[in-house]
Amino acid sequence: VLNALRGAGVGMALTVGQYEVLTPAGIVRRLIRMGRPGLACSLCSYLGLEPEICAAARCARAAAVLNAASGKDYSEADTAEVVAALLAEEDGRNSFDDAGGANKTRGPAPGLYATVALAAHRSGRTGVAQKLLNMEQDQESRVKGLLAIEDWSRAAKVASNAQ
């Protein structure tokens with residue numbers, strides 16, 4: 001881990017003592033702020049960090065992909081599909097059912113799609129934002145996202161259906 005952080009692309013040379021004080025979760029947060037969400041995701045997966053931290057790293061990576069695609073001629077549907085695949089990606093740890101098989105029912109953390117949808121909306125990709133909000137499973141996050149992008153009628157419909 002220390003060697004990966006020390007690399008020329010990252011430039012975060014740490015001693016073992018500094019690493020222990022910062023904690024792996026703190027390192028992941030710093031990598032996200034430094035614009036290195038891919039490395040943050042890899043570190044989460046390698047170290048088996050808490051799902052919330054891994055979800056934040058995947059969210060940052062998806063937002064980075066979204067920003068990179070903003071100037072290109074990718075369709076809204078293609079961009080939303082790529083971003084959704086990044087968000088749905090397992091964080092390196094499989095949960096197992098009673099028979100010992102992998103249990104794939106665990107999805108992204110609540111609000112993950114809505115968070116990236118707001119980033120898409122801010123970058124002018126409203127079609128991507130709407131598609132990602134359609135994929136959001138948490139009704140409260142979906143309503144908040146729809147309100148943030150000023151889609152009042154859909155927000156009211158989702159809120160009324162959730163009751």
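The preceding data block contains the structure.
Everything quoted here is computed from the prediction, not taken from an experiment. (Residues numbered from 1 in each chain as written. Predicted model: local features only at pLDDT ≥ 70, side-chain atom pairs only at ≥ 80, totals over all residues. Heavy atoms only, no water.)

1. Here's the deal with the nonpolar core
Argument step 1. Membership of the largest hydrophobic core comes to 26 residues, with the highest contact counts inside it found for Leu66, Val83, Leu87, Val116 and Leu132.
Argument step 2. Counting residues per element, the ones that place at least two in this core are α4 (51–69), α5 (76–88), α6 (112–122), α7 (126–135), α8 (139–148) and α9 (152–162).
Argument step 3. Counting residues per element, this core draws most heavily on α6, at seven residues.
Argument step 4. Setting aside residues no more than four positions away along its own chain, leucine 132 makes contact with Ala80, Val83, Ala84, Tyr113, Val116 and Ala117. (Core = buried A, V, L, I, M, F, W, Y, C linked by side-chain atoms within 4.5 Å. Buried < 20%, exposed > 50% of the residue type's maximum accessible area, 1.4 Å probe, protein only. Helix = DSSP H or I, 4+ residues; strand = E, 2+ residues; numbered from the N terminus. Contact = heavy atoms within 4.5 Å.)

2. So, α8
Argument step 1. Of the positions making up α8, those classed as buried are Ser141, Arg142, Val143, Gly145 and Leu146.
Argument step 2. Where α8 is buried, its residues meet α6, α7 and α9.
Argument step 3. Glutamate 150 lies just past α8 and shows a positive phi near 65°.

3. Observations regarding the side chain of glutamate 136
Argument step 1. Its place among the elements puts glutamate 136 in the loop between α7 and α8.
Argument step 2. Residues within four places of glutamate 136 in sequence aside, it is in contact with Pro110, Gly111, Leu112, Tyr113, Ala114, Ser141 and Arg142.

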